Amino acid sequence: MVIDLSVKELVSKTLSQLVRLRPRDDTLYVSQNHTVLATGRDGFVNQLSEHGLFVYETRVLSRYFYLIEGQRPQPVALSNVQQHSWLGYYIVLPPGNQGREGDEGNPAQHTVELRLSRFIGDGMHEDIDLTNFTQEKVAFTLELNIDADFADLSDLGNKREQTGIVKSDWRKMEGATELIFDYEAYHSYDHQGEIGTAHIHRAVTLRIENATTVPQYSNGRVIFRIELEPQGTWHACVNVVPRIDGRSMPPVYGCRSFSGTDNVRDRQRDLFLSDSTIFTTRTCGTLSNVVLGALEQAKRDLIALRLYDLDNSEQSWVMAAGLPAYVALFGRDTLTASWQASMLSTEMMNGTLAELARWQGKVVNDWRDEQPGKMLHEAHAGPAEMLNFNPRRRYYGSITTSGFYPVAVAELWHWTGDKELVRPLIEPARKALRWLDRYGDLDGDGFYEYQTRSTQGLKNQAWKDSGDGIVYEDGSQVDAPVATCEEQGFAYLAKLHLSEVLWWLNEKDEAKELYHQASELKKRFNDKFWMKEEGFFAMGLDSQKRQIRSIGSNPGHCLATGIVDESLVQQTSNRFIGDDLLTGWGIRTLSSNHPAYNPYSYHRGSVWPVEHGTFAIGFMRYGLLQLVEWVCRMQFEADSLFDFFRLPELFSGHQRDDDHPFPSLYPQANSPQAWSASTIFCFLQALLGLYPYAPLNLLLIDPHMPDWLPEITLTNLRVGKAIVTIRFYRTRTGKSSYKVLAKEGPLHIIRQASPWSLTSNFMERTTDLLTSLLPGIF
């Protein structure tokens, strides 16, 4: 396959410009676990904004800003230090100081500095430091304006549903003062047979300690009266302690925490960063620095999103889906992110699979779209959810989670080969497949559809779950039930791979049956979903079993799962490089020729990084190496435009051309987003052709290093009980090779193309195999 690389000339031009994109540019975030501080660009939470300190999706502080002598201090440098820490410098002209001739009113010349140091986890700790950099004694008031409204995330910008009573109390005690906000609310509900009265009790305590002067309180204002000699300093600590339904969440950080801390959160984070795969490169002048930066940031973002209260063990854990809107457990998001990041570490996959098994559906509950065996879509703890204004406290409106759960179980098996680890996950996987067959096939035709039963349920419950994401070719909306193409692929792969695991566990009869079911589904799928005139697969089937003939990204997932018949792979793949799908930054969710196309929409023309990791793995599967390189390159070039080399949840589908030197942003995009971080590791896995099979102590590799990434070393790569360090590099002739630098434990490393490759012939495979055995490779 030859790909038109005419867009290549735009690359150096774009990457050499001053382009730097930041999602949600009006907000700064500091976060850890279930706590998120969202402030304006000035570092403050202002009244009537949508910012605040959020704990378990509850806004426990709705106003939080400082005044010096009644005036806002001027912010001069504000930034995260890590995701959970933040530092802000502010300056102000001392009251009464008019300055010298020529610099009147210039606080940089006559400065009182306010320095705020913030640390999140689980509450918030803030150091307040003032320094008088003038040559005169100064006196002024420092005022902290504060309030709490206990709003739910869904209340922001909307009519508030939950109403309760907020009480406040100011207390003085020896060595400290406290301001307490206390909130209680009740709600009686009757939803499709789920009846009752819910109650929540949430509070927050602002505890001021180590203050050089004792504060006073008046009408939402904590007031300090301060006098500073020249070069004099003043300090106070603010500890914000939320209490969520009886559970207190004191800060795990204390005074001067930038100087080094030793707490369980920091130890767990450092353990993950040191034990997981490490990436290094010695090349420059290429995209190597972007690749390395993206890999490192993705690694840190995943651990920054860890939900510590859901830990299965210290090295078995679950991450939130994304910041700021998805700081909660999401089924399909965590499954996707954990398998995509499996070359980094299997800790996330192990934790996610164990946690989701605990939430697996047990009864028929239409309000929550729950049925026995169905896997969770999302679980929230905000006031609206806990008071049962909506079903999202425990909601099952996704077909994807159930179809993909067995796939992730098999992936854990491939990386670990650990029967004792995988065996407890087999029954939840079985139940998920039983749910698919009993409840997911609504009309008994052998395809898997979705349709909500909840009065507040999601209309679309597949990969594209936005309400307008599934459209006919004329732009009109498709009504449920709908059988989308990618969900058939997930179900196929689930049955195929679980059959393999069951075979290893000596449950061969069931393994044979699942294999047979997968084979039959593949035949039916290719017969029913293929659009011969388009050379592509239909987006889905509607309630009348008519093809939804819209062109979008969905069939890329079908390639990755292997449900596409081999004879149709080339045509399907070629369709992705048409200008209507390929933007130059990525592949659109919907063709730009479609009447419903909108580059800003959630699923009708935007670009989602998470899909591209899956696409890269799919193209690698069939040996479509140019497509692998092209997809990876586009995404890394896009990555280079974003702050911290951090790909957001999604970005616009504008065509990359002279008029569009960078894409636009989706206004509500989460960043960091777990599966946008995890997709980075899929890009590298596809370029290196990594295929682990720990049950046989085997690692297959087939590297094809592009000129923009001529060398990279993986250290601490774990396959089964082995730990290996491998350097991959591009030779002067343009070929790719590798060298095993270190290996502990049993592992056979063999160079072989994917077993499904359409491009690798017998002689090439034989040459690669024999080369793997040469002494110089190790």
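Below is a summary of the structure that appears in this document. Quick caveat: nothing in here was measured; it's all calculated off a predicted structure.

Definitions and cut-offs
- Residues numbered from 1 in each chain as written.
- Predicted model: local features only at pLDDT ≥ 70, side-chain atom pairs only at ≥ 80, totals over all residues.
- Heavy atoms only, no water.
- 1 Å grid on protein atoms, 1.4 Å probe; cavity = no way out; pocket = protein on both sides within 12 Å on 5 of 7 lines; lining within 4 Å.
- Points joined across faces, edges and corners; volume = space filled by probe spheres on them.
- Helix = DSSP H or I, 4+ residues; strand = E, 2+ residues; numbered from the N terminus.
- Nonpolar A, V, L, I, M, F, W, Y, C, P; charged D, E, K, R; others polar.
- Buried < 20%, exposed > 50% of the residue type's maximum accessible area, 1.4 Å probe, protein only.
- Contact = heavy atoms within 4.5 Å.
- Pairing = 2+ DSSP bridges.
- Phe/Tyr/Trp six-rings, centres within 6.5 Å; stacked < 30°, edge-to-face > 60°.

1. Focus on the layout of surface pockets
- Of the pockets and cavities examined, the largest pocket occupies roughly 1,300 Å³.
- Forming the boundary of the largest pocket are 44 residues, of which R24, L153, A325, Y326 and R392 lie nearest the centre.
- Listed by contribution, the elements that provide at least two residues to the lining of the largest pocket are β2 (35–39) and α4 (331–340).
- The residue inventory of the lining of the largest pocket, partitioned by class, reads 19 nonpolar, 14 polar and 11 charged.

2. A closer look at the environment of H414
- With respect to the helices and strands, the residue H414 is situated in helix α7 (residues 400–416).
- Judged by relative accessible area, which is 3%, H414 ranks as buried.
- Between the C-alpha atom of H414 and that of P692, which follows or precedes it by 278 residues, the distance is 6.0 Å.
- H414 has contacts with H497, E500, Y691, P692, Y693, A694 and P695, leaving out every residue within four places of it along the chain.

3. Section: the sheet that holds strand β26 (residues 547–548)
- Strand order in the open sheet formed by three strands is β22-β25-β26, and the pairing between neighbours is antiparallel. Single-partner strands in this sheet number two, and they are β22 (483–484) and β26.
- The pairing of strand β25 (residues 540–541) with β26 spans two bridges and is antiparallel. Within the sheet, the bridge partner assigned to G540 lies in β26 and is I548.

4. Brief notes about the packing of aromatic side chains
- On inspection of all chains with the given rule, the structure shows 31 aromatic pairs.
- Centre to centre, the rings of W463 and W608 are 5.2 Å apart; their planes meet at 85°, and the pair counts as edge-to-face. One end of the pair, W463, is in the loop between α8 (419–440) and β22; the other, W608, is in the loop between α12 (566–575) and α13 (609–621), with 145 residues separating them in the sequence.
- Using a relative accessible area of 5% as the deciding quantity, one classes W463 as buried.
- Relative accessible area serves as the criterion here: at 2%, W608 is assigned to the buried category.
- Residues W608 and W675 carry aromatic rings whose centres are separated by 6.4 Å and whose planes lie at 75° to one another, so their mutual orientation is edge-to-face.

5. Quick word on unusual backbone geometry
- Note that the residue after G121, namely D122, is joined by a cis bond; omega there is -15°.
- Mapped onto the elements of the fold, D122 is located in the loop between β8 (112–120) and β9 (124–132).
- A cis geometry characterises the amide bond from A480 onward to P481, with omega recorded as 5°.
- Mapped onto the fold, P481 is located in the loop between α8 and β22.
- If you check the backbone angles, N716 has positive phi at about 70° while not being a glycine.
- Examined against the element boundaries, N716 turns out to sit in strand β29 (residues 711–719).
- On the basis of relative accessible area, N716 is assigned to the buried category, the value being 17%.

6. What to know about the pairing of β29
- Most of β29 sits out of view: seven of its nine residues are buried.
- Note: strand β19 (residues 278–280) against β29, three bridges, orientation antiparallel. Paired with T280 across the bridge in β29 is T713.
- For β29 and strand β30 (residues 722–730), the ladder comprises seven bridges, and the chain directions are antiparallel. Each residue of the ladder has a partner; that of L717, found in β30, is V724.
- The turn joining β29 and β30, which pair antiparallel and follow one another in sequence, is formed by two residues; a positive phi near 60° is taken by G720.

Keep in mind these values describe shape, not function.
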